Number of protein chains: 2
Amino acid sequence: MSPRSSRPVILTGDRTTGPLHLGHYVGSLRNRVALQYSHEQYVLLADTQALTDNANDPGKVRRNVIEVALDYLAVGIAPSVSTICVQSALPALAELTLLYLNFVSVARLERNPTIKDEIQARGFGRDIPAGFLCYPAAQAADITAFKASVVPVGEDQAPIIEQTNEIVRRINRQVGRTLLPEARALIPASGRLPGVDGKEKMSKSQGNAIPLSASDDDIALAVQRMYTDPDHLRAADPGRVEGNVVFTYLDAFDPDVDAVAALKAEYRRGGLGDMVLKRRLAGILQDTIAPIRERRAALAKDPDTILDILRAGTARGRGLTEQTKAEVIDGLGLFRL
Amino acid sequence: MSPRSSRPVILTGDRTTGPLHLGHYVGSLRNRVALQYSHEQYVLLADTQALTDNANDPGKVRRNVIEVALDYLAVGIAPSVSTICVQSALPALAELTLLYLNFVSVARLERNPTIKDEIQARGFGRDIPAGFLCYPAAQAADITAFKASVVPVGEDQAPIIEQTNEIVRRINRQVGRTLLPEARALIPASGRLPGVDGKEKMSKSQGNAIPLSASDDDIALAVQRMYTDPDHLRAADPGRVEGNVVFTYLDAFDPDVDAVAALKAEYRRGGLGDMVLKRRLAGILQDTIAPIRERRAALAKDPDTILDILRAGTARGRGLTEQTKAEVIDGLGLFRL
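Residues numbered from 1 in each chain as written. Chains lettered and ligands numbered in written order. Predicted model: local features only at pLDDT ≥ 70, side-chain atom pairs only at ≥ 80, totals over all residues. Heavy atoms only, no water.

Chain A is annotated in an unreviewed UniProt entry as Tryptophan--tRNA ligase from Novosphingobium pokkalii. Note on chain A: under the UniProt heading Sequence similarities (unreviewed entry), the record states "Belongs to the class-I aminoacyl-tRNA synthetase family." (UniProt positions renumbered as here; feature names shortened; annotations may be inferred.)

Engineer: What's the story with the overall build of chain A in this structure? I'm lost.
Structural biologist: In terms of regular secondary structure, chain A is built from 14 helices and 5 strands. For 337 residues, the compact-globule formula gives about 20 Å, and the C-alpha radius of gyration of chain A, at 22 Å, lands near that figure. Each principal axis of the C-alpha distribution contributes one length, and for chain A these read about 75 × 45 × 40 Å. Taking all 337 residues of chain A together, the buried fraction comes to 55%. Counted over contacts in chain A with a minimum sequence separation of 6, partners at least 24 positions apart contribute 77%. Here chain A displays about 14,200 Å² of accessible surface, and carbon together with sulfur accounts for 51% of that area. Charge centroids of chain A, computed over 41 positive and 41 negative side chains, lie 4 Å from each other. (Helix = DSSP H or I, 4+ residues; strand = E, 2+ residues; numbered from the N terminus. Rg over C-alpha atoms; globule rule 2.2 N^0.38 Å. Buried < 20%, exposed > 50% of the residue type's maximum accessible area, 1.4 Å probe, protein only. Contact = heavy atoms within 4.5 Å. Areas by Shrake-Rupley, 256 points an atom, 1.4 Å probe, with all protein chains shown as cover. Lys, Arg positive; Asp, Glu negative; His and termini not counted. Charge placed at Lys NZ, Arg CZ, Asp CG, Glu CD.)

Engineer: Mind showing me how you'd approach the interface of chain A and chain B here?
Structural biologist: With 51 residues of chain A in contact, the opposing surface of chain B contributes 51 residues. Carbon and sulfur atoms supply 68% of the area that chain A and chain B bury against each other, a total of about 4,000 Å² over both sides. The three residues of chain A that bury the most area against chain B are A:Asn102, A:Phe335 and A:Leu337, which together make up 19% of that side's buried surface. The tally of links from chain A across to chain B stands at 0 salt bridges. There are 14 residue pairs in polar contact (both at pLDDT 80 or more) connecting chain A and chain B. Put simply, the parts of the chain that give the side of chain A that touches chain B at least two residues each are helix H2 (47-50), helix H3 (58-75), helix H4 (91-101), helix H5 (106-111), helix H7 (130-133), helix H9 (158-175) and helix H14 (303-332) of chain A. (Buried area = accessible area lost by both parts, 1.4 Å probe. Salt bridge = Lys/Arg side-chain N within 4 Å of Asp/Glu carboxyl O. Polar contact = N/O pair within 3.5 Å; in protein donor to acceptor, adjacent residues only side chain to side chain.)

Engineer: Explain the domain arrangement of chain A here, please?
Structural biologist: The parts lose accessible area when they come together, and the size of an interface is often stated as this lost area. All names here are of chain A. Along its sequence, chain A is organised into domain 1 (9-193 + 303-332) and domain 2 (216-296). Relative to domain 2, the C-alpha centre of domain 1 lies at a distance of 34 Å. Domain 1 puts 12 residues into the contact, and the matching count from domain 2 is 9 residues. Between domain 1 and domain 2 lies a buried interface of about 950 Å² when both sides are counted; carbon and sulfur atoms form 66% of it. Together, Leu22, Ala74 and Leu193 form the three largest contributors to the area buried by domain 1 at its contact with domain 2, with a combined 53%. Where domain 1 touches domain 2, the interface holds 2 salt bridges. Going through the elements one at a time, helix H1 (22-35) and H3 are the ones with two or more residues in the side of domain 1 that touches domain 2. By residue number, the principal contributor to the side of domain 1 that touches domain 2 is H3, which donates 6 residues. When the residues that make up the side of domain 1 that touches domain 2 are grouped by side-chain class, the tally is 9 nonpolar, no polar and 3 charged. (Domains from an automatic or database assignment. Nonpolar A, V, L, I, M, F, W, Y, C, P; charged D, E, K, R; others polar.)

Engineer: For this particular structure, what's the right way to read the pattern of salt bridges?
Structural biologist: Oppositely charged side chains may form a pair once their charged atoms are brought near each other. Tallied over the full model, the rule gives 41 salt bridges over all chains. Ionic pairing is found between B:Arg15 and B:Asp53, a salt bridge with its closest N-O pair at 3.0 Å. Taken together, the residues B:Arg15 in strand S1 (residues 9-15) and B:Asp53 in the loop between helix H2 (47-50) and helix H3 (58-75) connect sequence positions 38 residues apart. The residue B:Arg293 makes a salt bridge to B:Glu294 at a minimum N-O spacing of 4.0 Å. One connected set of salt bridges, linked through shared partners, spans A:Glu67, A:Asp71 and A:Arg296.

Engineer: Sorry, what's going on with the relation of the copies chain A and chain B here?
Structural biologist: Each of the two chain copies goes to the other by way of a rotation about an axis and a shift along it. The operation relating chain A to chain B is a screw motion whose rotation component is 180 degrees, with 0.1 Å of axial translation and a residual RMSD of 0.1 Å. The two molecules are tied by a two-fold rotation axis, judged by turn and shift. Counting the interface residues of chain A, we find that 100% of their copies in chain B are interface residues as well, pointing to one common contact surface. (Least-squares fit on C-alpha atoms with pLDDT ≥ 70 in both.)

Engineer: How should unusual backbone geometry be read in this particular structure?
Structural biologist: Note: most residues except glycine have negative phi, and most peptide bonds are trans. Although it is not a glycine, A:Lys147 adopts a positive phi angle of roughly 50 degrees. Take A:Lys147: it is sitting in the loop between helix H8 (135-145) and strand S4 (150-152).

Engineer: What is the right way to look at the environment of B:Pro113 in this model?
Structural biologist: Locating B:Pro113 in the fold gives a position in helix H6 (residues 113-122). Residues B:Pro113 and B:Pro159 lie 46 residues apart in sequence; the distance between their C-alpha atoms is 6.6 Å.

Engineer: How should the confidence of the model for chain A be read in this particular structure?
Structural biologist: Should pLDDT be low for a region, the predicted coordinates there are not to be read in detail. Averaged over all residues, the pLDDT of chain A equals 93, while 98% of them reach at least 70. For this predicted complex, the interface confidence comes out at an ipTM of 0.93, alongside a pTM of 0.94. (pLDDT = per-residue confidence, 0-100.)

Engineer: Sorry if this is basic, but what is going on with the pairing of S1(B) here?
Structural biologist: Regular strands place their side chains on alternate faces of the sheet. All names here are of chain B. Most of S1 is tucked away, with 5 of its 7 residues classed as buried. Here S1 pairs with strand S2 (residues 40-46) via 7 bridges, running parallel. Bridge pairing in S2 places Val9 opposite Glu40. The parallel pair S1 and S2 is bridged by helix H1 (residues 22-35), and the resulting crossover is right-handed. (Pairing = 2+ DSSP bridges. Right-handed = clockwise from strand over helix to strand, strands pointing away.)

Structure representation (structure tokens):
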């Protein structure tokens, strides 16, 4: 195994439940492309975690391992600098998860605000799968197995990092030294991209998402239907910028910040029609997605290369995670055959 | 890997929290010695499970892996016919556990009578470690990974087998065929050996146990202090046989059933003193334990041989459990790199 670099270690990844979309691109993917050169970055195809609320549809979880891997490579996550691993192919993660479950109480897991919110969002009630309740311990295993000190997460996931650090402190206390590093949540400055319908979250299941494989026509149509200011009926009228999805997207994607500021001022005064703005946005999104879509289509024709990349990344991940597991076992003074 | 025999597969084992004692010998060890010739028997040194309520003392769990292995070999569990494995050295068990946790609800785990009783016995209350709540899924992983159809358990553990079979049916339904066999609880006819103080359960922590390493003097002393009939003050008085620990032990250990029946009749009539009975019992227990103690002491001098036996058994167990894991992953249609 190659020696660890001195760059800070980042762990990131996605549940493999569907291809990624523009919301992922803004919220995480483009940050990963930037961070991979300054950090030692591990990207987890989280199929084990995806199963915690998709046990009825394992086929979906399987298919999307490759779909999400294609998204990663298409946006520019480079296997030469980032390590892409398949979570289910790293047994040490399961072993550390079971170990950590002994260091956290059921009551503590149930108090986790992220878990509480997600149980409600999924309508699980009392029928919550045990695996779902336990997933914060699994995330602690993921983060610590790679000894990650930086974990990019949405704001709603910050309690998971706190939970991880509680387990880290508990293990370190028992071992008697700082075996595992605490992790810091890296919450993206850009915030979350709303759906094209203006709803808070872009989501494939909500039908308000633009996938990274969208064609120019798909994009034009999605932008045309985009929510703006419902009271802005004629171009000559003053319009609202706040909550206007087209401006939110221009803020996220238009590289010409000054031009966007000028457009906002003009829109507020009146005299700027939605169609002009939407044409501008559609063009920018088409320019953003076209090269991703084309790389994605080219890569999809060569599944063997994708599998080779996943095998190489996972082999590297296996070395690291097995090493951490052995250190934890020895540190705690457990039996090792 | 050698082909599976046609003998029924038994999975059994012990949590590695302390050396075994006469209660284990009567309740399970001597049955294993008998069953190993008619069954394909796997014996698990359950250090991972031991940790679910011993996270504060991993050193105890480690040390007792070897202590319990010594007990196994000393009583006659033969590595030539039984496969002795270290649970923590079989990663497929952890992976199957995490998988199965998605197929059982938190509410179902909390309703498990064994878990309920044990939570109460340990005084966990709301602070129950998550790993402890999850251990029925871990036992389902153990049982199914070896495709065991027979699981010797105490009566109080029968609900764990029912829980396992629920998971088995759920997985088989999703796979669409009988991939995993259901298991049958084998509850020993002999019942449970009480402690020397007459308490229901012999337990090292209760101080009422006779360890398999006990010397002749230890045994004589323990028998001398044994609970009989508190109202049987003089040998000439009639005495009670029911609840009289000396008779319970004679029933469990004395090979001469007719002689024991005659002693019971005499004791009931009056005229048989406790000391006569206790001398008989002490002699029988000394004869039972002496060869075990001596083999144990000889084996303990050669730790390398013990480790070699554990390595060979665990390697065989690894082949089997990895194969079952792969079958479950493929059967469910999950991703396999």
